[in-house]
Amino acid sequence: MNDSTSLSLAGAITALTAEKRAVGCKYDAEERILTRFEAFCRTGFPGLDTVTKDSAEAWITAARERGVRPATLQGLAAPVRELARWLGRRGTGAYVLPARTLPRPARYVPHIYTDPELAALFAQTDRCRYCSEVPFRHLVMPVLFRTVYACGLRVSEARLLRPGDVDISAGVLQVRDAKGGKDRQVPVSAPLRERLARYREHVAGQPGWDWFFPGSSVGQPMTLVNVYHNFRRFLWQARISHGGRGHGPRVHDLRHTFAVNNLRSWFAAGDDVNALLPVLQAYMGHSSIGDTAYYLRLTAESYPRSPPASSASTAASSRPPPGARPMATDFAAALRRFLTSYLAGLRGCSPATIASYRDTFKLLIAWFRDERSVPPARLTLDHLNAGAVTAFLAHLQEDRHNSIATRNQRLAAISSFATWMQAEDPARMPCWQDILAIPSKKQDRPAVRHLTVDQARLLLARPDRSTRQGRRDATLLATLYDTGARVQEIADLAVRDIRLQKPAMASLTGKGRKTRHVPLDGATVTLLASYLEENRLDQPGRDDHPVFFNQRRARLSRGGIAWIISKYQAQIRDPLLAGAAISPHVLRHSKAMHLYEAGVPLPYIRDILGHVELSTTEIYARASTEAKRKALEAAYQDIVTSDLPEWNQDASLIDWLTNL
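Residues numbered from 1 in each chain as written. Predicted model: local features only at pLDDT ≥ 70, side-chain atom pairs only at ≥ 80, totals over all residues. Heavy atoms only, no water.

Side note on the overall build of the protein
Along the protein, the regular secondary structure elements total 29 helices and six strands. The buried share of the protein, reckoned over its 660 residues, is 44%. Roughly 34800 Å² of accessible area belongs to the protein as shown, and the carbon and sulfur atoms make up 53% of that amount. (Helix = DSSP H or I, 4+ residues; strand = E, 2+ residues; numbered from the N terminus. Buried < 20%, exposed > 50% of the residue type's maximum accessible area, 1.4 Å probe, protein only. Areas by Shrake-Rupley, 256 points an atom, 1.4 Å probe, with all protein chains shown as cover.)

So this is what it looks like as structure tokens:
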């Protein structure tokens, strides 16, 4: 038997940490997390010497109850997962927490500082006063933040610089043991070199000057807590709004701004950005060119423009009756755990996703009640099999007249439940696998409905801008078209999501809770600025107020936005528009088609629309008849001539017809 099978949980953590450090990993943060996990297990699961399903899920649940963010939750789970794999490789049974059971953290969209914001921020660092608790603070802060921005450093790379790492004569910073344990040299500009030289004159030779940016304790560097605390104070003094925890701006956004500003200058100078990306990659210490190319998405000026289209730019079942028997069958218990503990708890699915899954099972329960005479109180897992699911799907199409897409979506929800039940009820695994084998039905792919530029211009110009409501509707339609947003993204748009300073952009949060920045056209910016000012939404304290709201100042619903579009469509006498079904999504399709026909590359359109895969955006390439026509005209050759003789001038043909 392997010796590791006799180790306690604490001993296994010690052995894993030693092994990781032996191969060059620091493993400090991971060791702290595993030590906390061992203490958690010692309290809640005495005598435990491995990772069990109960202990791992209890660890995650306890963290969620403390309100930790999804990104922190992933950080707490990863070392425990690594410990379980390490134990498994050494013959000890251990539960590896599946990665998909954890909520996916929403990707933070960096705040790109404008030039006035940078100037205001650095001006406040220059006003930093002497503090007896941190004697060098007034000297460190102006230079530290400028070094982070001007050199594109991570904040810890800057604060952990040693005096010998700053070669002022050569104008080079030696960054040691950075992310991934890598070293690199970073050139310094002449203005920053002068500041570094003046700073060194003040602090060189001071007692305990072991770090270039010393902290409050002798012989210790400036701490992250001190840096962040002062940064928030500088933001407030510079009147730069902070969105709260997880929303930024952050100190790290200075590094992002450095990269974006370099890309902007290259675009403006007409340089070959693709050739210069590897230079920026080496300068910033990225391990992959893809990490550097990410900044192209944040460079609003690199997005080509399309021609402006504006002159100014189910639940069918009812609730259980009062007093009905509570659902206490195995199906009821499993469904409750699936919707709450699994989807909402471990996976952290959005309320919309959970509501969609809930509606699927409400329909399924109603179908068993009406078609199979199985009341909800007696519905068990034994009733749920491939035959029943297939019959339910047929009922959706034939009796409820649902589309194939809706049928496939309901099947996906049931398949997710079956996948989860394989681990919860392995005795019935063949039944669950039969359900998973039910294929999705192929469906027709209708043509992408969209408006021409002239039609879009007619619709967007229809609201009467002499009235308050008309100005709101004009701004709404212009923003919906210009951003190419989904209707729910526009409905959820808050004042904090709109940036009117150059580069103007809107921050949209869409499917999968992914956030993206979409540049705004100048005409749309003018409309939004006037609209926000008219409704006093540009005043302090209105950051969370919805941009588009109704008479009760509640955010517009998806149906409300669709009704506004249909109202103005009915006022247009264009016969092509009168009978067309124009939904908010048609404006999204129209924006994408106009971008493609204007020659904008598909990767840019993908980023504007928020698609995950480029293949999703390719539907516009297949749908654009204008682009196809231009391609055919460009490739057309005069192979077939039109100078053929008339048939009645052909004597041999006439004789042949006469003798026929």
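Further notes follow.
A few points about the pattern of salt bridges
Summed over the entire model, instances satisfying the criterion amount to 27 salt bridges. Between Glu 82 and Lys 20 there is a salt bridge, with the nearest N and O atoms lying 3.5 Å from each other. With Glu 82 in helix H4 (residues 70-89) and Lys 20 in helix H1 (residues 9-22), this pair connects stretches of sequence that are 62 residues apart. In this structure, Arg 468 engages Glu 534 in a salt bridge whose closest nitrogen and oxygen atoms are separated by 3.8 Å. With Arg 468 in helix H19 (residues 468-483) and Glu 534 in helix H21 (residues 522-534), the pair connects residues that are 66 residues apart, well separated along the chain. One network of salt bridges, with partners in common, ties together Lys 20, Glu 82 and Arg 89. (Salt bridge = Lys/Arg side-chain N within 4 Å of Asp/Glu carboxyl O.)

Here we look at the sheet that holds strand E5 (residues 505-509)
As summarised here, the arrangement of the three strands in space is E4-E5-E6, forming an open sheet in which the pairing is antiparallel. Two strands close off the open sheet at either side, each with one partner strand: strand E4 (498-499) and strand E6 (515-519). Of the pairings in the sheet, the one linking E4 to E5 comprises two bridges and is antiparallel in character. Of the residues in E5, the one forming a bridge with Ile 498 is Ala 506. (Pairing = 2+ DSSP bridges.)

Side note on the environment of Arg 250
Checked against the element boundaries, Arg 250 lands in the loop between helix H9 (224-237) and helix H10 (253-269). Residue classification places Arg 250 among the partly exposed residues on the basis of a relative accessible area of 33%. Along the backbone, Arg 250 and Leu 235 are 15 residues apart, and their C-alpha atoms lie at a distance of 9.6 Å. Contact partners of Arg 250, with chain neighbours within four places excluded, come to Tyr 108, Tyr 113, Phe 231 and His 256. (Contact = heavy atoms within 4.5 Å.)

The values reported here are purely geometric and, on their own, carry no functional implication.
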